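# What the coordinates show
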Amino acid sequence: MRQNRPSKSNPEKLTSLDLQRYLSFASLTLFPIAVSVASLPVVVHHLGISTWQEIISGQGIGLILAEVVDGGWVSLGPKLLGPEGSGSFNFRASLRERFTRFIICVGLGLGLIQLLQFHNALVVSISFLSWITTGINIHWLSIASGVANYSRDYVVVPRIIGQIIGIGLLFFYQSTITYLLLQLLFSFLPLVISIFRFAHRDLSRDLKIELRKNRSFIVIGNIFRSSTIWIIIVCGTSLYKTDFAGFAAIFKYLDIFASVSLVINQSNHALMISEKGTTGAQNSQLHSIIFSVVTFFLSLGLWPLAEKLLFSNQVQIDLVSAFFILCVIPFRALLYHYLQDYLIPSERYKTATVIYSVQPFIAILILIIINTIGLRISLFPYLFVTSFIAIFLCLSIMDSFFRKFLMLLKKSNS
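Sequence order as written defines residue numbering, which begins from 1 separately in each chain. pLDDT decides what is reported in this predicted model: residues at 70 or higher carry local features, side-chain atom pairs at 80 or more are listed and counted, and totals for whole chains, interfaces and linings draw on all residues regardless. Calculated side-chain values reflect all of the structure's heavy atoms, with hydrogen atoms and water omitted.

## Quick notes on the overall build of the chain
Under the convention used in this document: Think of it this way: any DSSP run of H or I at least four residues long counts as a helix, any run of E at least two long counts as a strand, and we number them from the N terminus. Only protein chains enter the accessibility calculation, which uses a 1.4 Å probe; a residue whose area is less than 20% of its type maximum is buried, one above 50% is exposed, and one in between is partly exposed. It only takes one pair of heavy atoms within 4.5 Å for two residues to be counted as in contact. Throughout, the Shrake-Rupley method with a 1.4 Å probe supplies accessible areas, and for residues the shown protein chains are the sole cover considered.
Looking only at helices and strands, one finds 17 helices and zero strands in the chain. Looking at the 414 residues of the chain, the share that counts as buried comes to 52%. Residue pairs in contact within the chain that sit at least 24 positions apart in sequence constitute 79% of those at least 6 positions apart. Within the structure as shown, the chain displays about 19300 Å² of accessible surface, and the carbon and sulfur contribution to it stands at 66%.

Here it is as structure tokens:
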């Protein structure tokens, strides 16, 4: 189960096993992003911007409720699995534990879509159903074991295939329903296959996994973590209407690169739990920090090109404003590293939830204050990055555990 791990005593900064693990996990993020970005102009051209917005709305609702369905299995995976854990059994146990929440959240999501009165509720509903499976699929097992093959074979590759076939059919039929039904098929079918492949097995005894107490705090924190960008976009749009369009675009752009910056974190998560304090874990810590900084500079350098190709030069965000928005990428990666690899394994769930939830609340407060006292919206990027600096300063002063975490980082860098 535990594969591609660097040796505990290996003093090298980047081993071939490190690189192999990072590349295997990078594909889980980079390939879907590449396909999504490449298909964006095609979908908008054939279906229209309003239909695309409804598809994205269904996706957003699905991903948020998927965190409720998941119930913290991604965060608690390495401890639940353990070094001798049975992957097939634990996946079966996770399905049994998550299934009731899955059914409830499907009903809740479909009801919410009807309540919000979208122009085409059917489009939003099919998109929603395609993405809520994220909460019940096999992805957590890849994070828990450090083996990317589970997610690659039963989540990422099928979604990419469905996206490519759907885009191809758009050229011939230009049918929104056909396009979305393909996405739905390639999200549910791999789930069924993985159930029969890994979970449909008889065991000599039906063991139970002891789940952590106060797990609800992890779920709430993960919801805020996943929906922060969506909350900022929705709040900004409701306050400033079309004047916030440029910021909505760059925050979606930020979301893409923030996800990329977590590739090393995700691939190292199981390692940080099982080999905490060793040379291998310290080197992995250094790798994730460096990668997040490199990702920031890459996102900044590509922004003018993205503004031209993806948004047709309709986004009036200068490079200075882009810098202050995108520079939070290393801050977010470092915060995620602290929460996922230190706080949650130490069962400090309430603290982790507060840190996760304070980010969108501060952003909303900034937007409301700027709007209320009549300041220019162009000030938002500067106040946005200032809020992250303030969070780190508060943690340094008030959280002794965070100070220990910074000392470990310093030790890793030395």
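There is more to say, and it comes next.
## Observations regarding the environment of Val-69
Inspection of the secondary structure assignment puts Val-69 in helix α2 (residues 49-70). Exposure remark for Val-69: the relative accessible area of 0% places this residue in the buried category. Taking the C-alpha atoms as reference points, Val-69 and Ile-136, 67 residues apart in sequence, are found 6.5 Å from one another. Excluding residues within four positions of it along the chain, Val-69 makes contact with Arg-98, Arg-101, Phe-102, Cys-105, Ile-132, Gly-135 and Ile-136.

## A word on the packing of helix α10 (residues 245-261) against helix α14 (residues 328-343)
So the rule is basically this: Lines are fitted to the C-alpha atoms to define the axes, a helix being fitted only along its stretch in contact, and any angle between axes, read from their N-to-C directions, falls within 0 to 180 degrees. Roughly parallel covers angles under 35 degrees, roughly antiparallel covers those over 145, roughly perpendicular covers 65 to 115, and oblique covers all other angles. Two helices that cross are described as forming a left-handed crossing if the nearer one is turned anticlockwise from the farther one by less than a right angle, and a right-handed crossing if clockwise.
In the contact formed by α10 and α14, the axes pass within 9 Å of each other and the chain directions differ by 45°. The orientation of α10 with respect to α14, classified from their angle, is oblique. Of the two elements, α10 crosses α14, and the hand of that crossing is right-handed. On the side of α10, the interface is formed by Leu-254, Phe-257, Ala-258 and Ser-261, while α14 contributes Val-328, Ile-329, Arg-332 and Ala-333.

## Some points on the packing of aromatic side chains
Rule in force here: Geometry of aromatic contacts follows a simple scheme: Phe, Tyr and Trp rings, the Trp one being its six-membered ring, pair when their centres are within 6.5 Å, and the pair is stacked under 30 degrees between planes, edge-to-face over 60, tilted otherwise. Charge-over-ring contacts are defined here by two conditions on Lys NZ or Arg CZ: a distance within 6 Å of the ring centre and an angle within 35 degrees of the ring normal.
Overall, the coordinates contain 21 aromatic pairs when judged by the stated rule. Considering the side-chain rings of Phe-224 and Phe-361, the 5.6 Å spacing of their centres and the 50° angle between planes classify their relative orientation as tilted. You can see Phe-224 sitting in helix α9 (residues 215-240) and its partner Phe-361 sitting in helix α15 (residues 349-372), a full 137 residues away along the chain. Centroid distance Phe-251 to Phe-384: 5.1 Å. Interplanar angle 85°. Geometry classified as edge-to-face. Remark: Phe-384 occurs in helix α16 (residues 380-398) and Phe-251 occurs in helix α10; sequence separation between them is 133 residues. Phe-384 shares its class with Phe-251; the two are buried. Following the ring pairs from residue to residue traces out a cluster consisting of Phe-331, Tyr-338, Tyr-342, Phe-392, Phe-401, Phe-402 and Phe-405. The ring of Trp-131 carries Arg-159 above its face, with NZ or CZ at 4.1 Å from the centroid.

## As for the side chain of Thr-295
Tracing the chain through its elements places Thr-295 in helix α12 (residues 279-309). Take Thr-295: its relative accessible area is 3%, and that puts it in the buried class.

## Things to note about α10
Heads up, the condition is: Here the expected length of a helix is defined as 1.5 Å per residue gap, with one fewer gap than residues.
The end-to-end C-alpha distance of α10, which contains 17 residues, comes to 24 Å, matching closely the 24 Å that a straight helix rising 1.5 Å per residue would cover. Counting buried positions over the 17 residues of α10 gives 13, a clear majority of the element.

## What about the environment of Ile-232?
In this fold, Ile-232 is placed in helix α9. Taking the C-alpha atoms as reference points, Ile-232 and Phe-247, separated by 15 residues in sequence, lie 9.4 Å from one another. The contacts of Ile-232, once residues within four sequence positions are left out, are Phe-244, Phe-251, Ala-363, Leu-367, Phe-380 and Phe-384.

## Description of the pattern of salt bridges
For clarity, the threshold we go by: Think of a salt bridge as a Lys or Arg side-chain nitrogen and an Asp or Glu carboxyl oxygen that are within 4 Å of each other.
The full count for this structure, using the stated rule, is three salt bridges. The salt bridge involving Asp-153 is made with Arg-152; its shortest N-O contact spans 2.8 Å. Given the relative accessible area of 36%, Asp-153 is considered partly exposed. One salt bridge connects Arg-348 with Asp-399, and the closest N-O pair in it is separated by 3.5 Å. Here Arg-348 is found in the loop between α14 and α15, whereas its partner Asp-399 is found in the loop between α16 and α17 (400-413), with 51 residues between them in sequence. What makes Arg-348 partly exposed here is its relative accessible area of 27%.

## Description of the nonpolar core
Filter applied, for reference: Take the buried Ala, Val, Leu, Ile, Met, Phe, Trp, Tyr and Cys residues and link them wherever side-chain atoms come within 4.5 Å; each set so joined is a nonpolar core.
By size, the foremost hydrophobic cluster in this structure holds 33 residues, and its most contacted members are Phe-244, Phe-247, Ile-250, Phe-251, Leu-254, Phe-380 and Phe-384. Among the elements of the structure, α9, α10, α12, α13 (319-326), α14, α15 and α16 are those that each provide at least two residues to this core. With seven residues, the top contributor of residues to this core is α10. In contact with Phe-251, not counting residues within four places along its chain, are Ile-229, Ile-232, Ile-233, Ile-325, Phe-380 and Phe-384.

## Things to note about the confidence of the model for the chain
Under the convention used in this document: Per residue, pLDDT measures the predictor's confidence, with a range of 0 to 100.
Put simply, the chain has an average pLDDT of 79, and 77% of its residues get 70 or more. Confidence drops under a pLDDT of 50 for residues 1-12, and excluding neighbours within four residues, the segment shows 43 contacts in the predicted structure. In the predicted structure, residues 202-206 sits below a pLDDT of 50 and forms five contacts with residues beyond four places in sequence or in another chain.

## Structural notes on the packing of α10 against α13
The following threshold applies: Three classes are used: nonpolar for Ala, Val, Leu, Ile, Met, Phe, Trp, Tyr, Cys and Pro, charged for Asp, Glu, Lys and Arg, and polar for all others, with Gly counted as polar.
Interaxial distance between α10 and α13 falls to 10 Å at its minimum, and their mutual angle equals 45°. Taken together, the axes of α10 and α13 lie oblique to each other. The element α10 and its partner α13 pack so that their crossing is right-handed. Contacts between α10 and α13 involve Phe-247, Ile-250, Phe-251, Tyr-253 and Leu-254 on the former and, on the latter, Ala-322, Ile-325 and Leu-326. Broken down by class, the residue content of the contact of α10 with α13 amounts to eight nonpolar, no polar and no charged.

## Digging into a nonpolar patch on the surface
Here is the rule: Note on patches: the residues involved have over 30% relative accessible area and no salt bridge, like charges join within 9 Å, and the nonpolar side chains Val, Leu, Ile, Met, Phe, Trp and Tyr join within 5 Å.
Taken together, the side chains of Leu-298, Leu-302, Leu-305 and Leu-309 make up a nonpolar region of the molecular surface, amounting to roughly 370 Å² of accessible area. Tracing the sequence through the fold places Leu-309 in helix α12. Classification of Leu-309 by relative accessible area gives exposed; the value is 56%.

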